[in-house]
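Structural overview
These are the residues of each chain, in order.
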Amino acid sequence: MTINKRRMKNQHKIDDMKKIWKDPVLVTTILFLIVTLAIFILYPLYSVLKVSFINEGNFSLKAYVQILKDIDFRQTLGNTLLLGVTVGILSTVIGFLFAYADAYIKSHFKKLFKVVSILPIISPPFVLALSAIMLFGQFGLITRQLLGINNANIYGFKGIVMVQTMTFFPVAYLLLIGLLKKIDPALEEAARSMGASRWVTFKTVTLPLLLPGIANAFLLTFIEVVADFSNPMVIGGNFSTLATKIYMQAIGNYDMAGGAAIAVVLLSLSILLFALEKFWIEKKSYVTVTGKASRERDVITEKHIVWPIDIACLLITIFVLSFYVLVPIGGIFKVMGVDYTLTLAHFKYVFNLGLEPLKDTTLLSIYATPITGILGMIIAFLIVRKRFVGRSFIEFTSLLAMAVPGTVLGLGYISAYNTKPLLLTGTGLIIVIAFIVRSLPVGVRSGVAALQQIDPAIEEAAQDLGANSTKVFVSVTLPLIKTAFFSGLVYTFVRSMTAVSAVIFLITPKYKLLTASILSQVDNGRFGVASAFSTVLILIVYVAIAIMYFGLNKMGVSKSDDNIL
Amino acid sequence: MKKKRLIALTLTSLMVAGIFTGCGSKGATVEKNEDLKLTIYCGLMEDHMVKAVDEFSKETGVKAEAVRMSSGEILGRIRAEKENPKASVWFGGPADAFVQAKEDGLLENYVSDNAKDVSDKYKDKDGAWTGIYIGYLGFASNKKLLDEKGIEAPKSWEDLLKPEFKGQVSIANPGSSGTAYTVLSTIVQLKGEEEGLKYMKNLNTNIKSYEKSGTAPARLAGQGEVMVGISYLHDGIKYREEGMKDLVLTAPSEGTGYEIGATAVLKNGPDQKAAKMFVDFCLSKKGQELGQTVGSYQFLTNKTAKAPALSDEIKDTKLIDYDLEWAGKNRTILVEKWNKAIK
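In this text the structure is predicted, and so the values were computed from the model without any measurement. (Residues numbered from 1 in each chain as written. Chains lettered and ligands numbered in written order. Predicted model: local features only at pLDDT ≥ 70, side-chain atom pairs only at ≥ 80, totals over all residues.)

**A look at the overall build of chain A**
Here is the rule: Every helix listed is a DSSP run of H or I at least four residues long, and every strand listed is a run of E at least two residues long, numbered separately from the N terminus. The globule rule used here is 2.2 Å times the number of residues to the 0.38 power, and the radius of gyration it is set against is calculated over C-alpha atoms. Labels follow a simple rule on C-beta atoms placed from the backbone: if 20 or more others lie within 10 Å of a residue's own, it is buried; if 12 or fewer, it is exposed; otherwise it is partly exposed. We call two residues in contact whenever the C-beta atoms placed from their backbones are within 7 Å.
Tallying secondary structure elements over chain A gives 24 helices and four strands in all. Against the 2.2 N^0.38 benchmark of 24 Å for 565 residues, chain A shows a C-alpha radius of gyration of 25 Å, consistent with a compact globule. Summarising its shape, the C-alpha atoms of chain A cover approximately 75 × 70 × 50 Å along the three principal directions. The 565 residues of chain A split such that 52% are buried. Put simply, of all contacts in chain A between residues at least 6 apart along the chain, 81% involve residues at least 24 apart.

Written out as structure tokens, the structure is:
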């Protein structure tokens, strides 16, 4: 019986493959994708592995022995795990609170909450860390001026947790809001009409339905937290994490092999979690694939539920906003905390010396945006709609980049593409490729999510009428998932404009990047200039998003749930 | 059927090939250009770099471009680019990184005519690198904080151990910062290994945090995050000039270590001729005096160049006879011993 089944399955596979072979464009695309993904995602990772195992030209475990002996490394590993768990839990809780307020409650400040949960995604990563120092440092506005505390210390664990939670709770929010909106209200109403209280309904219906989603949100934030480089770099103080340690070992200590060995450790950790998320939890989450809820939910209006949640969210919102208000303000004072003389010097500096990075960053991001968008949709289409050998390879590799910490990817890029035939270092192309690889997973994810809600029958109809795969994709699939496509575009642009860790090894005199400029200003202690740079960067991103949305409205694409921004 | 497969394969290879030729052609056009060009990796402050590159281009007509990175980034970069160097000059950054690069065979020996004005102490004997400036280690303290507690600024390494400074001293991590490693190696050269490490262990109780970059301690003191930062004194001057007006600078009476900022021609770099012109320029009186116009206040290596007026207050600092070579050779071991000592 089972043998028969297996044979049938195999027969199916062969049939599917045969169908695909008949379509040269499809085969070409698939082969192209496999080769490209292997070259630009797997090969650099392999290079990191290689660097870590080679000492003076021979295979050696010296780098690993060295880091294992290092007390500092063990502590760093512990730090990283502790940080991941703490921020993961906090972000998930806050993200859930916001998602719940958004989807279930007649909240008074819905719009405001939405803005706040998106702000951290579109701003350069270390902005929050800078503001945290200005607010809570020993000379901080709140700690010193308001509370009169003389020896506040924001550097270290506390500071990183605060800043990273603000940075990453939107990840959890966006994931959970999608799920919450897709829970069919009928389930909860059934419980309610049988007499269950709101709390009991929440505990026995909503929460169990969401559990896989919550675990998923936790793991995703965990992965992002351990990979985060800029926040610990700016506000970490004594507290080092694996991502910063890679940089410090490879760059500060002139020890590439040691840095690569730590990178391999971090990479294994991330991939492990990613695999866990992908193969275990995602399979359990049914809510995502049932499609849209049958009808609108009646939002909760009871005051004793609405107000506490509203107030909690509002407090967090004010807290986050106060950080952002400080960014432009930091740019107009001489030295925050010390000399409150108004000055335009920082902005002048930006416009005298910073125009080139500004131009380069924007231009390279613009190049990366459409490529990522189209590539993401094609991959999503293939994963969801086609069955072929190498499909899981494409799926896993294209999503893998999400789990690869930027520092590791950057290290891989510089060691992989410096010899012929793949001599790419020093070109703008390598930066564009790094941008694409970093943003691809989100494009693919939103494409997959959108496609899963569309009945394949529509596409099949076109196929039956004689359209080939290309025709089907361009004239049926793409129009149906254009929202996901455009939000993928926006996301790519924003991610590219604000990327730090992956590209810090790739900048050249020809192509300077804004974020690298900001980081080197932070490094030199010129917070004023860094704030001015960040202000300009945030403005560009805002304008770009506004233009894209304007374009979308003109083209009749509405913002909907599939939209990640 | 076979035909289709063939089409598919050709298309794939074309698409893949397209990626690479795209960048290949770009490189070729650069080489064809007859004018002299120069790519510089620079470890200095950004405005210093821009100024120097502009002046150099104005004087020589060479089209020079530079990018700023930390010295570790530059070393990592030129190591990775060894087969196909992208830059021809390394401009600025501590000499220990240059010593390392020389050992790896990444530098081209070049003795500039202008190097005759540079004391032997400040240049490599083979001409692999030449010093362009010197920075003294010292203490940058926050006067406001000191006054609040009624403490005097530290005047010696011993002063730093005073209990009043508990949790109020900042230094960078010798594992990641060349500046902090210079501190560690200065202490060990002053006191001997055992005593030196014991001193670092005692100092540990007063340290608030081990920062990642060497300029951070002076900045933290300037911002009032700590009372005392151990940094290069010229960084302290720079921060004070930029508005951190509470900074006071002192140097240890026992003697202190120093850094030599260097420049070098990179081996097999694409623009050797322009690179040598640039090194000549850096070592000239004019090239050296540029820094002080844009906020870099190090002492200069060219005997004929005028040191910045602002660094007058620290010019009498007592220096030890810092052994750069010893420091470079013992880096890994010393940092490891230090890590164990402070735990």
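**Looking at the overall build of chain B**
Scanning chain B from terminus to terminus reveals 13 helices and eleven strands. Each principal axis of the C-alpha atoms in chain B carries an extent, and together these give about 85 × 55 × 35 Å. With 343 residues in all, chain B has 56% of them scored as buried.

**Some words on the interface of chain B and chain A**
Each partner contributes residues to the interface: chain B has 57 residues there, and chain A has 50 residues. Going through the elements one at a time, α1 (2-32), α2 (46-60), β2 (63-68), α3 (71-80), α4 (95-103), β7 (207-211), α8 (216-223) and α13 (331-342) of chain B are the ones with two or more residues in the side of chain B that touches chain A.

**Considerations on the packing of helix α4 (residues 71-104) of chain A against helix α14 (residues 303-332) of chain A**
In helix packing, the relevant descriptors are the interaxial angle and the interaxial distance, both defined with respect to the helix axes. Residues and elements named next belong to chain A. Stated formally: An axis is simply a line fitted to the C-alpha atoms; with a helix, the fit covers only the stretch in contact. Between two such axes, the angle follows the N-to-C directions and lies from 0 to 180 degrees. Any angle from 65 to 115 degrees is called roughly perpendicular, while one under 35 is roughly parallel, one over 145 is roughly antiparallel, and all others are oblique. Crossing chirality is assigned from the near helix's rotation relative to the far helix, an anticlockwise turn below a right angle marking it left-handed and a clockwise turn marking it right-handed.
Between α4 and α14, the shortest axis-to-axis distance is 10 Å and the interhelical angle comes to 125°. Taken as axis vectors, α4 and α14 run oblique relative to one another. Helix-helix and strand crossings are classified by hand; for α4 and α14 the assignment is left-handed. Of the residues in α14, those touching α4 at I94, L97, F98, Y100 and A101 are I309, D310, A312, C313 and I316.

**Overview of the pairing of β7 of chain B**
Residues and elements named next belong to chain B. The condition is simple: Here the rule is simple: two strands pair whenever DSSP picks up at least two bridges between them.
A large share of β7 lies buried, amounting to five of its five residues. In terms of strand pairing, strand β6 (residues 169-172) meets β7 through four bridges, oriented parallel. Among the inter-strand pairings, I171 is bridged to a residue of β7, identified as Y210.

**Section: the domain arrangement of chain B**
Residue and element names in this part refer to chain B. Our working definition: The start and end points of each domain follow an automatic or database-based domain assignment.
Examined at the domain level, chain B breaks down into domain 1 (35-134 + 259-307) and domain 2 (135-258 + 320-342). For domain 1 and domain 2, the distance between their C-alpha centres works out to 27 Å. At the interface, 15 residues of domain 1 touch 13 residues of domain 2. Breaking the side of domain 1 that touches domain 2 down by element, the ones donating at least two residues are α4, β5 (130-142) and β10 (258-266). The biggest single contributor to the side of domain 1 that touches domain 2 is α4, with five residues.

**Let's talk about the domain arrangement of chain A**
Residue and element names in this part refer to chain A. We count it as follows: Under the scheme applied, nonpolar residues are Ala, Val, Leu, Ile, Met, Phe, Trp, Tyr, Cys and Pro; charged residues are Asp, Glu, Lys and Arg; polar residues are all the others, including Gly.
According to the domain assignment, chain A contains domain 1 (1-45 + 344-565) and domain 2 (61-343). Computed over C-alpha atoms only, the centres of domain 1 and domain 2 are separated by 23 Å. In this complex, domain 1 contributes 37 residues to the contact, which on the side of domain 2 involves 42 residues. With eleven residues, the single largest contributor to the side of domain 1 that touches domain 2 is helix α24 (residues 527-554). Here the residues of the side of domain 1 that touches domain 2 sort into 24 nonpolar, twelve polar and one charged.

**What about the nonpolar core?**
Convention followed: For this entry, the nonpolar core is defined as buried Ala, Val, Leu, Ile, Met, Phe, Trp, Tyr and Cys residues connected by C-beta atoms within 7 Å.
Ranked by size, the top nonpolar core spans 281 residues in total, and within it A132, L266 and A434 of chain A together with I40, V89 and F278 of chain B carry the most contacts. Among the elements that take part in this core, helix α8 (residues 157-182) of chain A stands out by supplying 15 residues, more than any other.

**Comments concerning the confidence of the model for chain B**
All names here are of chain B. Put simply, the test is: In predicted models, pLDDT denotes the confidence assigned by the predictor to each residue on a 0 to 100 scale.
Summarising the model, chain B shows a mean pLDDT of 86, and 90% of its residues fall at 70 or more. Within the model, pLDDT remains below 50 along residues 18-34, and this stretch shows six contacts once partners closer than five positions in the same chain are excluded. Model confidence for the complex: the whole-complex pTM is 0.78, and ipTM, which rates the interface, is 0.71.

**What to know about helix α19 (residues 428-452) of chain A**
Residue and element names in this part refer to chain A. Formally: A helix is expected to span 1.5 Å multiplied by its residue count minus one. Bend is computed residue by residue as the angle between axes fitted to the seven residues ending at the residue and the seven residues starting at it.
The end-to-end C-alpha distance of α19, which contains 25 residues, comes to 36 Å, matching closely the 36 Å that a straight helix rising 1.5 Å per residue would cover. Along its length, α19 shows its largest kink, about 40°, at S439, and proline P441 lies within four residues downstream of that point. Extensive coverage of α19 is indicated by the burial of 19 of its 25 residues.

**A closer look at the packing of helix α2 (residues 24-53) of chain A against helix α18 (residues 406-416) of chain A**
Residues and elements named next belong to chain A. Where α2 meets α18, the closest approach of the two axes is 8 Å, and the angle between their N-to-C directions is 85°. Relative to α18, the element α2 lies roughly perpendicular. Of the residues in α18, those in contact with Y43, P44, L45, S47, V48 and V51 of α2 are V408, L409, L411, G412, Y413, S415 and A416. Considering only residue class, the contact of α2 with α18 consists of ten nonpolar, three polar and no charged.

**Remarks on the confidence of the model for chain A**
Residues and elements named next belong to chain A. For chain A, mean pLDDT is 82; residues scoring 70 or higher make up 93% of the total. Of all the helices and strands in chain A, helix α1 (residues 2-21) carries the lowest mean pLDDT, 68, while α4 carries the highest, 91. pLDDT under 50 marks residues 287-291. Its contacts with residues more than four places away, or in other chains, come to eleven contacts. Of the regions scoring below 50 in pLDDT, residues 559-565 engages in 19 contacts with residues more than four places distant in sequence or in other chains.

**Considerations on the environment of K348 of chain A**
Residues and elements named next belong to chain A. Considering the arrangement of structural elements, one finds K348 in helix α15 (residues 345-353). Judged by C-beta crowding, with 13 C-beta atoms within 10 Å, K348 ranks as partly exposed. It is 9.0 Å that separates the C-alpha atoms of K348 and V529, two residues lying 181 residues apart in sequence.

**Quick word on the environment of L82 of chain A**
The residue L82 of chain A is located in helix α4 in this model. For the pair formed by L82 of chain A and T241 of chain A, sequence separation is 159 residues and the distance between their alpha carbons is 9.9 Å.

**Observations concerning the environment of T332 of chain B**
Residues and elements named next belong to chain B. Following the sequence through the fold, T332 ends up in helix α13. With 14 C-beta atoms counted inside 10 Å, the residue T332 sits in the partly exposed group. With 158 residues separating them in the primary sequence, T332 and P174 have C-alpha atoms 10.0 Å apart.

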